[in-house]
Amino acid sequence: MSTNKIGLHDTAPLESSLGLPRVSVEFQDEDHSLFNGQTGGGEDGNVNKNGDDDGSSLSSFHSSGLGSSNPDSNSSSGGGPGSGSRKKKSPQDMIAAEEHKAVNRARAFMVIFLVSGAGLMAQAAYFFVHFGEINSFHDAYGDQSKTVQSAMTYELSSTLAVIDSFMNAIQSDNEAAIAAAATTTGSSSSEQMDWPFVEIPDFGVRAAKILSLSRASVLTVYPKVEAGQQRVEWETWAREHDNWIGESLEVQRNDPTYAGRQASSWTPSNSIFNFQGPLPREAPGPHYPMFYASPIAPIPSREVYNFDLYDDSAKELQQMHDNGVVILGRTRNLADPNDPVQMQEQEATIGWMTDLLGPDVQGITEPMITINYPIIQKSNERVIASPNALNDGYQHSVVGTITVTLLWQELLQDLLSPGSNGIVVVIGNECGTAFTYQLNGPIATFLGRGDLHDQEYDENDDLNTAAYLHDLIQNGTSGATYTGAPLDTELCPYWVKTYASDEMREDYETIMPLLFLSLTILIFLFAFCVFKIYDWVSERRTKKIMRVAAQSSAVVASLFPKVVRDRLFAPPPKKADTKRDSIFVENAKMRVQKFLGEGTTRGASSRHGRNHDLSDGNEDSMSTGDRQQQNEAQAAVANAPIAELFTDTTVMFADIAGFTAWSSVREPAQVFILLESLYGAYDKIAKRRGVFKVETIGDCYMAVTGLPEPRRDHALAMCKFARDIRDKTTELTLKLARTLGPDTDDLALRIGLNSGAVTAGVLRGEKSRFQLFGDTVNTASRMESTGVVNKIHVSPSTAELLKKAGKSHWLSRREDAIEAKGKGLIQTFWVEPHTRVGGSNASTASSFSDELEDDFEQLDEKTMRLVDWNVEIMAKLIRQIVARREAWDSLTRRGILSRRHSVLPPHGASLSKDSVGSMGSSQGTVLEEVQEVVELPEFDPRLAQNRIDPSTIQLDEMVMTQLKEFVSIIAVMYRANPFHCFEHASHVTMSVTKLLSRIVAPTDDIIQTTQDGKAPLASTLHDHTYGITSDPLTQFACVFSALIHDVDHQGVPNAQLIKEGSPLDAIYKGKSLAEQNSVDLSWKLLMEDQFEELRNIICHTPGEMTHFRHLVVNSVMATDIMDKDLKTLRNQRWDKAFSEGSRLGETSQVNTNRKATIVIEHLIQASDVSHTMQHWHIYRKWNEKLFHELYLAYKAGRAEKNPADFWYKGEMGFFDFYIIPLAKKLSDCGVFGVSSDEYLSYAMKNREEWENRGQEVVSSMIKKFEETEEKLPGDESDLLS
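Below is a short write-up of the structure. (Residues numbered from 1 in each chain as written. Predicted model: local features only at pLDDT ≥ 70, side-chain atom pairs only at ≥ 80, totals over all residues. Heavy atoms only, no water.)

Quick word on the overall build of the protein
Regarding its fold elements, the protein presents 42 helices and 22 strands. When the 1281 residues of the protein are sorted by exposure, 48% land in the buried category. Nonlocal contacts in the protein, meaning residues at least 24 apart in sequence, comprise 77% of its contacts between residues at least 6 apart. Carbon and sulfur atoms provide 53% of the accessible area of the protein, an area that totals close to 63500 Å². (Helix = DSSP H or I, 4+ residues; strand = E, 2+ residues; numbered from the N terminus. Buried < 20%, exposed > 50% of the residue type's maximum accessible area, 1.4 Å probe, protein only. Contact = heavy atoms within 4.5 Å. Areas by Shrake-Rupley, 256 points an atom, 1.4 Å probe, with all protein chains shown as cover.)

Spelled out as C-alpha cells, the structure:
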C-alpha cells in the first residue's frame, strides 16, 4: 500500500505539495475570496458568474495541485521560485489567525454593546427628562385651573354678597320708615311707603361704595310695578321723588376715580317706556322701570329712567320672580358679524359703557354680563336657602330687582401671578353662548366668540376642567361664604371650562431632554474612544508578542522536523472532532467544500478511509502548465458577453397612433403626463401577466414573453397582455382628455406580435442595456407598422401557437397579405382575446357620470370632457387670482402696502349688483369700448417676495359649480358648425394656455431679494413680458376670451350677415357683428345672478371688473381679421408699440402697457388660427372643417362662391399675407420663448406642404363631401342647407 511508502521524512513534501492549509487560511485573511491572484478569473475575483458551486470546487481542486503520485511532480509543485503553488501556512500562523478572529469577534461584540448601551441610555435619559417636564406641565395646569375657578368664584360670590347686603339694608331702612310713619300718620300713609313706592336714602353714596367693593361696573334698581292703577300712582310718585338724581350726580362729579362722561341732569319721563317709546296705558304688566342707577350717563336725546326692563328681559325676570333666584343674564358684546341687528345693539352697548366708564377702561368692547338680583319682601326675616323658600308660610315675594353689569374681563383679571401663561378659559351657558379668554399672568386676553380652545387637549382629562358657576358658588369652592339668594340652575345656567394651551406647554417643554440625550451620547462616545485607544495599545503589544513568537518559531523550525513542528503548533481539536485521528488528511475537494460551507460532515471520515481519499485525489491532479491554461480559460469565460438564445418567445410592439401630431401642440409636461400614465399602467399589467418589459422608444412599447423564464403559454399571455393595454389605453385617454385637452381621447394603440427565437442579452458599455435581436423582433415590428389602430396584429407563427392552444376562435384572417422584408407576402391575422364577464380588465369608461346631465342633455360625452378640461384650466387661473389677492390683502393689513400704492387696477367700493349690472350696458357698441392701451398692474417687489402658492388655495364648491355651469352653457350657446364650434374654441383655449405658459414659465423665474429690497429677477421677468406675468387676471381674461370668442357664430362671415340684413347689422353698425355678439351674449350670461359667486371671486371690485372687461373686449375684437379697417388700425398700433421714435413723450409704464395690450391681441389672433402653425395633421383637420363649413354655407345659398374654386390659392395667400407675418410678430415681440419659433417653423412647413399637396387635398375634400351628400336621403340632404 502507498501508506507504507510514506515515512516521517516524506510527510513534509506531501503536505507542501498539498498546500491546502495555507490556501484555507489565506482565503480567510486576505480577501475572503475563493480565488486570488493567478487562480482568479476576472478583476472582481468571480470565476463562476452563474453561481455554480460545483464548478468552483472543481476549479479549486485543479488549482491546488493535489493528487500527483509522482515524486517528481510533488517536488516540482512544492514551491520553488517558479512554482505556481503557494507555500503552506505554518501552524503558528494558523493559531494567530484563529486568535485574530476571536479578537475581532470580541471587538465587534464590544462595539455593538457600547452602541446599544449608548442608544438605550440616551433614550432612557431623554424620556426621563421629557416625562418629568410633562408631569410638571400637568401639575402646573392643575394648580392654575384650581386657582382660576377659586378666584372667579370668590370675586363673583363677593359681588353677590355685597348686593345681598345692599338689598337687606334697603329693606331694613324701608321697614323702619314704614314703622315710623305708621306711628305718626297712620296705616294709610305707611302703605304708600311699601314697594314699589320705596325711596332709597343716600343712593349715590351707597351705590359708589357697592361698586368699589365689587367687580360690578354699573348698578341699577328696577322696582316691580303692576299694570293699571299702581302704574299710574307710581309714575306720579316717581316724578315727585327724583331728587336722588341730583344727589347722585353731585357724588359722581366729586368722585376723582370716575372717568366717564359727566351728566348735567337727566331728562324726566312722564311714563314707563321701552325702545319704541312710552308704553300704552293698556299694556299688560308687570313692569320693571329703571329708577335708581349709578353711574349716570349723559343721554341727551331721550328719557333715561322709567325704562321698562321687562320688555327686554321678560323670560329672565319671570324666572327670578317665580323662584326668587339670582339670574345670570345674557352676555352682551358677542354679536354675530353677519347679523346687522346684533351688531347695531353691540355698538349701542359699547357706546353706553364708554360714556359710563370712560374710553380708557379695558374690556368695554368685550363680553359683559347683567346679573339680576331679586329684591325680596321682608328679606330680613329669613335667609332664603332654596328656591322653595318663597312657597312656605312666609310669603316672601319678589318686589323688584337689583341689576349689576360686570365685565367678564374684570372677573378674570389678576387671577394668576406673572409667569403663569397660556391657560385658556371658556365661559358659556346652556343656551349656546360661549366665548374664550386666555390668561397670561394677571392679564386676561379676549380671543373671540365661541369655544376657541385647542381641541388637542379634549382627549386628556388632566388638561381640561369644567364646572357650573352655581355649583362653584353654592359649594363654597373659593372659601367665601355666600348666604344670599341662590343662583338659578334652570334658565341658561353658566359654566366655566379651562384648558391648557400650546403657549403653556412651551413654558414647560424645553430642550433639556435633547441636552441630556446629547450628554449621554457624548459620554458613551468618550467611553468608545477610550476603548479604541485601549484596543490600539493592546493590538500593538500583541504584534510585539507575535514577532517574538515568530522568532521562537524560527528557532523551533531549525531544530525540529516539519511533522513534529506542525504537531507542536497544531491547535487543540474541537469537541465535535474528538473521534478523528490527529494525522488524518482530507483530499483537496473535500477541503474546499468544507471551506465553502458544504460537505462539513462528509469530511469526517475515519482513519481507515484516508488511503481511499488520497487515491481519489490522484485522478484529478494536473501539471502547472495545465493549471495555467485553465486559469486563462476561466478568465476568458468571466469576461464573455452576457447573452443567451431563447427559442420560444413572443415579442410585442405597441405604438400610440396619432401621438406625433398630438404632442406637437402640447407642452412637454403634458406629453410626459400622458406617457407616464400609459406606461405606468402597462408596467402594472405586465407584472400581473408575467410579461417582461424590454424598453420604450418614444411612443412605442416593447415587451416579450418566454424569457428570462421560459413558459409554454408565451403566445397566449402576450395576446392577453396586448388586449389589456389596449383597453387600458382607451380608458386612460378618456380620463386624461379632461386635463390634457381635445384629441387626447382619439389616441389609441396599434399592436403587432410575432413568435419565435430571439437572442437576448446585455449590451455592455457606458450605458448597459438589455436587448433582443433576431428575425422574430423585426417581424414583430413589421406586424405593428402594418397594423390597424385598436387591433392586435399577429404573424402566422403566433397564430399557429394560438391554434395549438385551442384559441382558434380568437383569430380572424386578414383580408390582404402584407409584405415582409426577406419573406415576401405573408398572411397575417387579427386577434381578439375573449374577456371574461366582470373581469378586472373591462373598460370603466361607462362609469364616468355627468353631474350636469339633467340640465344639459344636449351635450354629448366628448363635449362634456371638453367642458371639464376648460373648467380645470380656468379654475387654475382663478386660484392664482385669489392667491395674488390674498397676498396683497395680507401686506395691506400688515401696513407694508397701502391702497394708494395698490399694484392692482384702481379699486372702488365692493362689487355690487348695481355696478355689475351697469357694466357693458351703455348705448355704445362693444367695438367702441376697445382700448388703445389697457392698464396692467405695476411691479411691486414686496408682493413678489410674499406671494402665496396657488396650489394651496381651495376654491369654494359653489364657485366650482357655477364655473362648470357657465362653461356648459357657453358650450350650448355654440352652434353645431364644423369649424366655429365649441371644440374649436377649446382648441384656441389650449393654444392660449400654451403660449401663456411660455410667457409665465421662463427658465429664470426665481425670485430673489437684494439688500435694497428689490427682486431683480422677478422685476426683469415682469418687464420682459410687459407685465403679463404679474397679473393672473390678465391671463384669465385671455383664456376666457378664447372660450367665448365664437359664441353663437352662424357659420358665415360678417359680410354675409350684413348682406342678409341680419338684425345684428343694425345693432353693431356693420362692424364685427359675430365678435360683438359673442361678447354681449357671454357677458350677459356672466352677469346673471346665478353666477354671482363666480363673478365676485374673479373680480372683487368694480375696478377689477372694468379691467377684466377691457381685456375681454380687446381680445375678442382682435379675432376679426377680415375687417380691413380694423386690421390697418392694429398694424398701426403694433408699429407704435414696437417702433423706435414713435412713443416720444410716453412714460415707461404707458409704453409697457401699450406693448402688453398689442401682445395680448396677437396672442388671441395666433391662437384663433393656431392650427395653421401646428403639425400638418392638425392643420389638415381644421382646414377641412373650415372648408366643410363654407361648403355648407354655399350649398345653403349663404355664400356666392363655391370654396372649392378658390380654396387652394386662398390658403396660399392666407399663409403669405397673414399667418407667416403673424408668426414673425410673435417671434419679434420676444415673450413667447421657443413657442414663437415653433409656430413660425410649422407655418413655413405647412405652407410648403400645402403648395405641394394642396390641390390634391382640395380634390379629396370635394369628393368626400359630394359623396356624403349623394348618400344622404333627400330630406337629410336638404338639412345641409
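From this point, the discussion proceeds with the structure in view.
A closer look at the sheet that holds strand 9 (residues 434-440)
Pairing within the open sheet is antiparallel, and its 5 strands lie in the order 10-9-8-12-11. This sheet does not close on itself; its edge strands, each paired only once, are strand 10 (443-449) and strand 11 (464-468). Adjacent strand axes in the sheet meet at a mean angle of 20° when their direction is disregarded. In this sheet, strand 9 lies alongside strand 8 (residues 421-429) in antiparallel orientation, the contact comprising 7 bridges. Each bridged residue has a counterpart across the sheet, and for G428 the counterpart in strand 9 is A434. (Pairing = 2+ DSSP bridges. Axes fitted to C-alpha atoms, helices over the stretch in contact; angles between N-to-C directions.)

A few points about a negative patch on the surface
Together, D502, E503, E506 and D507 line one region of the surface with negative charge. Turning to its location among the elements, D502 is positioned in helix 14 (residues 502-508). (Patch = residues over 30% accessible without salt bridge, like charges linked within 9 Å, V, L, I, M, F, W, Y side chains within 5 Å. Salt bridge = Lys/Arg side-chain N within 4 Å of Asp/Glu carboxyl O. Lys, Arg positive; Asp, Glu negative; His and termini not counted. Charge placed at Lys NZ, Arg CZ, Asp CG, Glu CD.)

Comments concerning the packing of aromatic side chains
Tallied over the entire structure, the rule returns 40 aromatic pairs. Summarising the aromatic geometry, the rings of F1206 and W1207 are spaced 6.3 Å apart at their centres and angled 50° between planes, so their arrangement reads as tilted. The class of F1206 is partly exposed, set by a relative accessible area of 35%. Every member of this aromatic cluster is reached through a ring pair, and the members are F166, F197, F203, W234, W237, W244, F291 and Y292. Sitting over the face of the ring of W495, K497 holds its NZ or CZ atom 4.4 Å from the ring centroid. In this structure, K1245 packs its charged tip against the face of Y1242, placed 5.9 Å from the ring centre. (Phe/Tyr/Trp six-rings, centres within 6.5 Å; stacked < 30°, edge-to-face > 60°. Lys NZ or Arg CZ within 6 Å of the ring centre and 35° of its normal.)

Details of the state of the cysteines
The final tally for this structure, using the stated rule, is 1 disulfide. The residue that forms a disulfide with C431 is C492, at a sulfur-sulfur distance of 1.5 Å. Disulfide C431 to C492: torsion about the S-S bond roughly -75°, handedness left-handed. You can see C431 sitting in the loop between strand 8 and strand 9 and its partner C492 sitting in the loop between helix 13 (469-474) and strand 12 (494-499), a full 61 residues away along the chain. (Disulfide = S-S within 2.5 Å.)

Topic: the sheet that holds strand 5 (residues 327-332)
As summarised here, the arrangement of the 5 strands in space is 4-1-7-6-5, forming an open sheet in which the pairing is antiparallel. Two strands bound the open sheet, and with one partner strand each, they are strand 4 (292-294) and strand 5. Taking each pair of neighbouring strands and ignoring which way they run, the sheet shows an average axis angle of 15°. In this sheet, strand 6 (residues 368-376) lies alongside strand 5 in antiparallel orientation, the contact comprising 4 bridges. Residue pairing for strand 6: R332 is matched across the bridge by M368. Contacts between helix 11 (residues 340-357) and the sheet are confined to strand 1 (216-223), strand 5, strand 6 and strand 7 (398-407), with strand 1 contributing the most and set at about 105° to the helix.

A short note on the nonpolar core
Residues F1108 and W1250 are the most contacted members of the largest nonpolar core, which totals 109 residues. The leading source of residues in this core is helix 25 (residues 861-893), at 13 residues. Aside from chain neighbours lying at most four places away, what touches F1108 is L1033, F1036, A1037, F1040, W1083, L1086 and C1099. If you look at the next biggest cluster of nonpolar residues, it comprises 85 residues, including A140, I163, I210 and L249. (Core = buried A, V, L, I, M, F, W, Y, C linked by side-chain atoms within 4.5 Å.)

With respect to the packing of helix 28 (residues 957-973) against helix 34 (residues 1073-1086)
Following both chains from N to C, one finds helix 28 and helix 34 inclined at 150°, their axes separated by 11 Å at the closest point. When the interaxial angle is binned, helix 28 and helix 34 end up roughly antiparallel. Along this stretch, helix 28 crosses helix 34, giving a crossing that reads as right-handed. Of the residues in helix 34, those touching helix 28 at F966, I969, I970 and M973 are L1081, S1082, L1085 and L1086. Of the residues contributing to the contact of helix 28 with helix 34, the split by class is 7 nonpolar, 1 polar and no charged. (Parallel < 35°, antiparallel > 145°, perpendicular 65-115°, else oblique. Left-handed = near helix turned anticlockwise from the far one by under 90°. Nonpolar A, V, L, I, M, F, W, Y, C, P; charged D, E, K, R; others polar.)

Brief notes about helix 37 (residues 1124-1138)
One full turn of an α-helix is made of 3.6 residues, so residues set three or four places apart face in the same direction. If you check helix 37, its first and last C-alpha atoms are 21 Å apart, about what 15 residues at 1.5 Å a residue would give, namely 21 Å. For helix 37, every residue scored as buried is listed here: L1126, R1130, R1133, W1134 and A1137. Down the axis of helix 37, the smallest arc covering the buried residues is 105°, so these residues share one side. Each element contacted by the buried residues of helix 37 is listed here: helix 36 (1102-1117), helix 38 (1148-1168) and helix 40 (1203-1229). (Expected span 1.5 Å × (residues − 1). Arc of directions from axis to C-beta.)

Digging into the side chain of N429
For N429, the position within the fold is in strand 8. One polar contact links the side chain of N429 to the main-chain amide nitrogen of C431, over a distance of 3.0 Å. Polar side-chain contacts of N429 include one of 3.4 Å to the side chain of Y494. Residues within four places of N429 in sequence aside, it is in contact with C492, P493, Y494 and W495. (Polar contact = N/O pair within 3.5 Å; in protein donor to acceptor, adjacent residues only side chain to side chain.)

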